[in-house]
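# Geometric and topological summary
Now for the letters of each chain:
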Amino acid sequence: MTLTSYEVVRRAIEFGTPDRIPLRFAEFGFDDTHSVAPNQILPFEHQDQHENIDEWGCLWVRSRLDNMGQVKGHPLAEWNALDRYRWPDPDNPALYEGMDGKLAGAENKYVLTEVIFTLFERLHMLHGYLETLQDLLLERERIEMVTERILEYDMRVIDNLSHKLPNAIHGICFTDDWGTQQGPMINPELWRSFFKPLYRRLFDQVHGIGWHVWLHSCGKINALLEDFVELGLDVGNFEQPRTLGIEEIGNRFRGRLCFAGPCDIQQTLPQKDEQQIFDEAKLLINCWGTPQGGFIGQDKDLEESYGATVKKRFAMLNAFQKHDRWRI
Amino acid sequence: MNSYYEAIRKCIVGGDDSTIGGFTMNALEDGASPANIIENALIPGMDSVGERFSRQEAFLPELLIAADAMKASLEILRPLLSREDSRGHGRVVIGTVLGDVHDIGKNIVGWMLEGAGFQVLDLGVDVPPDRFISSIRQESPDILALSALLTTSAPQMGVVIDQIRTSGLREGIKILVGGAAVTSSYALSVGADGYAVDAVEAVRVARSLVSE
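Attention in this report is confined to the structure presented alongside it. Residue positions are counted from 1 within each chain, in the order its sequence is given. Numbering of ligands from 1 and lettering of chains from A proceed in the order in which they are written. For a predicted model such as this one, the threshold for reporting local features is a pLDDT of at least 70, and the threshold for listing and counting side-chain atom pairs is 80 or more; totals across whole chains, interfaces and linings nevertheless cover every residue. Side-chain measures were taken over the full set of non-hydrogen atoms in the model, leaving aside hydrogen atoms and water.

## Here's the deal with the interface of chain A and chain B
- Residue contacts follow a heavy-atom distance rule, with two residues in contact if any of their heavy atoms lie within 4.5 Å. If you look at the interface, chain A gives 30 residues, while chain B gives 28 residues.
- By convention, the term buried area covers the 1.4 Å-probe accessible surface removed from two parts as they join, with the contributions of both added. Here chain A meets chain B over a buried area of about 2400 Å², counting both sides, of which 62% is carbon and sulfur.
- The term salt bridge refers to a pairing of a side-chain nitrogen on Lys or Arg with a carboxyl oxygen on Asp or Glu at a separation within 4 Å. The interface formed by chain A and chain B holds one salt bridge in total.
- Any pair of nitrogen or oxygen atoms within 3.5 Å is treated as a polar contact; in protein, a donor-acceptor pairing is required on top of that, and neighbouring residues in sequence qualify only through side-chain atoms on both sides. Inspection of the region where chain A meets chain B yields ten residue pairs in polar contact (both at pLDDT 80 or more).
- Only strand S6 (70–73), helix H4 (129–138) and helix H13 (303–306) of chain A provide two or more residues apiece to the side of chain A that touches chain B.
- The biggest single contributor to the side of chain A that touches chain B is H4(A), with six residues.
- Residue polarity follows a fixed list, in which Ala, Val, Leu, Ile, Met, Phe, Trp, Tyr, Cys and Pro are nonpolar, Asp, Glu, Lys and Arg are charged, and the others, Gly among them, are polar. By residue class, the composition of the side of chain A that touches chain B is 13 nonpolar, 13 polar and four charged. Each helix corresponds to a stretch of at least 4 residues labelled H or I by DSSP, and each strand to a stretch of at least 2 residues labelled E; elements are numbered beginning at the N terminus.

Written out as structure tokens, the structure is:
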């Protein structure tokens, strides 16, 4: 009997031997997952938009090119703004409007929700990236206070989602970029003392509900990955496998963490040809997947923003399907 | 050697921007020239932090608070530098190319170059090629540093370099490129003179470019 999409994904995550590699290529009609996100204000709602303010009061700006842009207006840039800052309301009904309707099409699929810009990202969007890095050392108490409020918000949203869509959601994806091209943005010891306990609370809440924890993080986060696995991270979404080191990460974490991701979006997808994309897809499956699961082939859309093409994304999908050594 | 140099270096390594000003004034009153304070205290202090960063013993927060301390001292010293000394180890014009508004990496590179004794003129973000050209004509920099985060804006680096060449300005300037969208082979392909993967390497490369 063919497994449902939900079962394929669940088994891949839990190393329960799926009958094929799950896929997340929605635009090409191959998606074993179904997304039901709360109505967070995205950086930009449509292509012609170049400035936007989100529900936290962060001003997003981008150039003419289609990309995610950068936060240029930080509501807590100055600490004296803290007293009059209006924190967003995690119980705001607008966040959850239409959530029931979003489940349409989710039958037999793995349902994934999200809270984007989860902790560190929201922190530096509020206070400023460089200012946050400095104040982790210089204004620890204030940073702790703000981060605690962010965590409280996230946990309340998760709680609300679990009640509004009971037994409907299977996993939640968080986003927090932690890596530069060469290593973590902050000292791993500082990360462990400050952020690890916060992630523990977040991950424990999610697991307590019965969901899986997915995390998107860009950059070379090798020094933090063992900690994330220890916290119970179920799925890592890493889009620069070449920066991480495909073989190194495979040697350390194959069979211990499920990976969901594309071929490298910095080098391979923009710069290489279809054969090289094929080769990297095969390498990812071999190094990061196991016969019991552990790999999900995932697309990366908005190809213009990172210099790829639709054709290359399609080649990547074909490669994941072709090199699926464990397909029954 | 001025007795306050070590104190200034320690302020930089420790990211102490509150007392470095006092030590800087002490050094000046003790007879040290602004250029010598930069050469013997600021630069070694920033270099020390840069080396620890390269060894992954210091990270971005430590680099930034060191840069802040350095800037606090430079604020006192800069107005006192002679016209000749103000150019320091070289003049750098830096900017993020057209179509790209990302500036975090560029800003860190600029600060590190200042800490290394370069004079840095920052043109900001989304800079069109003709603005780089006019800046080269006006400021006569030793180095033009170009930054791009987006793969889609990186080709602007080639456009800028081509226009510099057709404007007859290529011979007199070194071009350094960097950013998440850039690799060393890409830098070669667009005709740059140097590439740096991070701010600390940018200092190393800039130093070697001006010494060529």
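## Digging into the packing of aromatic side chains
Residues and elements named next belong to chain A.
- Stacked, edge-to-face and tilted labels apply to pairs of Phe, Tyr and Trp rings (six-membered ring for Trp) whose centres lie within 6.5 Å, assigned for plane angles under 30 degrees, over 60, and everything in between, in that order. Counted according to the given criterion, the structure contains 23 aromatic pairs over all chains.
- For the ring pair Trp178 and Phe195, a centre distance of 4.8 Å and an interplane angle of 70° mean the geometry is edge-to-face. Of this pair, Trp178 sits in the loop between strand S8 (171–175) and helix H6 (188–194) while Phe195 sits in the loop between H6 and helix H7 (196–209); the two residues are 17 residues apart in sequence, bridging distant segments of the chain.
- Here Trp178 falls in the buried class, since its relative accessible area comes to 0%.
- According to the relative accessible area criterion, Phe195 is buried, its value standing at 0%.
- Seen from their ring centres, Tyr199 and Phe228 are 5.2 Å apart, and the 70° between their planes marks the pair as edge-to-face. A residue pair is termed long-range when its members are at least 10 positions apart, and Tyr199 in helix H7 and Phe228 in helix H8 (residues 222–231) qualify at 29 residues. Like Phe228, Tyr199 is buried.
- The structure contains a cluster of three or more aromatic residues connected by ring pairs, namely Phe120, Phe174, Trp178, Trp191, Phe194, Phe195, Tyr199, Phe203 and Phe228.
- Cation over ring: Arg62 sits above Phe44, and NZ or CZ is 4.3 Å from the ring centre.
- The residue whose ring lies beneath Lys164 is Tyr96, and the NZ or CZ to ring-centre distance is 5.1 Å. Working definition: with a 1.4 Å probe on protein chains only, accessible area under 20% of the residue-type maximum means buried, over 50% means exposed, and in between means partly exposed. Here, over-ring charges are defined by two tests on the NZ atom of lysine or the CZ atom of arginine: distance to the ring centre within 6 Å, and angle to the ring normal within 35 degrees.

## Description of the environment of A:Glu131
- Following the sequence through the fold, A:Glu131 ends up in helix H4.
- Along the backbone, A:Glu131 and A:Ala77 are 54 residues apart, and their C-alpha atoms lie at a distance of 7.7 Å.

## Description of the sheet that holds strand S5 (residues 59–61) of chain A
All names here are of chain A.
- Overall, antiparallel pairing links the three strands, which are arranged S4-S5-S6 in an open sheet. Looking at which strands have only one partner, the edges of the open sheet turn out to be strand S4 (51–53) and S6. Neighbour-to-neighbour, the strand axes of the sheet open up by a mean angle of 35°, direction not taken into account.
- In this scheme, strands are said to pair when DSSP sees at least two bridges between them. Sheet analysis places S4 next to S5, joined by three bridges and oriented antiparallel. Bridge pairing links Asn52 to Trp60 in S5. Axis angles are defined between N-to-C directions and span 0 to 180 degrees, where every axis is a line fitted to C-alpha atoms and, for a helix, only to the segment in contact.

## Brief notes about the nonpolar core
- Membership of the largest hydrophobic core comes to 141 residues, with the highest contact counts inside it found for A:Phe174, A:Trp178, A:Phe195 and A:Phe228.
- Apart from residues no more than four positions distant in its own chain, A:Phe174 is found in contact with A:Val115, A:Thr118, A:Ile158, A:Leu202, A:Phe203, A:Val206, A:Val213, A:Trp214, A:Leu215 and A:His216.
- In this structure, B:Val97, B:Leu146, B:Ala148 and B:Ile175 belong to the second largest nonpolar core, which totals 25 residues. We define the nonpolar core as a collection of buried residues of types Ala, Val, Leu, Ile, Met, Phe, Trp, Tyr and Cys that are connected through side-chain atoms lying within 4.5 Å of one another.

## Quick notes on the environment of A:Leu133
- Tracing the backbone through its elements, the reader meets A:Leu133 in helix H4.
- What A:Leu133 contacts, discounting residues up to four positions off in sequence, is A:Phe120, A:Ile186, B:Leu60, B:Pro61 and B:Leu64.

## Points about the side chain of A:Thr243
Residue and element names in this part refer to chain A.
- By the element assignment, Thr243 lies in helix H9 (residues 241–244).
- Take Thr243: its relative accessible area is 9%, and that puts it in the buried class.
- The contact partners of Thr243, leaving out residues within four places of it in the chain, are Gln181, Gly219, Lys220, Asp264 and Gln266.

## Here's the deal with the pairing of strand S9 (residues 212–216) of chain A
Residue and element names in this part refer to chain A.
- For S9, a buried count of five out of five residues is recorded, marking the element as mostly surrounded by other parts of the structure.
- With burial as the criterion, each face of S9 is covered, one bearing His212, Trp214 and His216 and the other bearing Val213 and Leu215.
- Summarising the sheet, S8 and S9 pair through five bridges and their orientation is parallel. Residue pairing for S9: Phe174 is matched across the bridge by Leu215.
- Both S9 and strand S10 (residues 235–237) contribute to a ladder of three bridges, which runs parallel. In the strand pairing of S10, Leu215 is matched with Gly236.

Shape is all these values report; function is a separate question.
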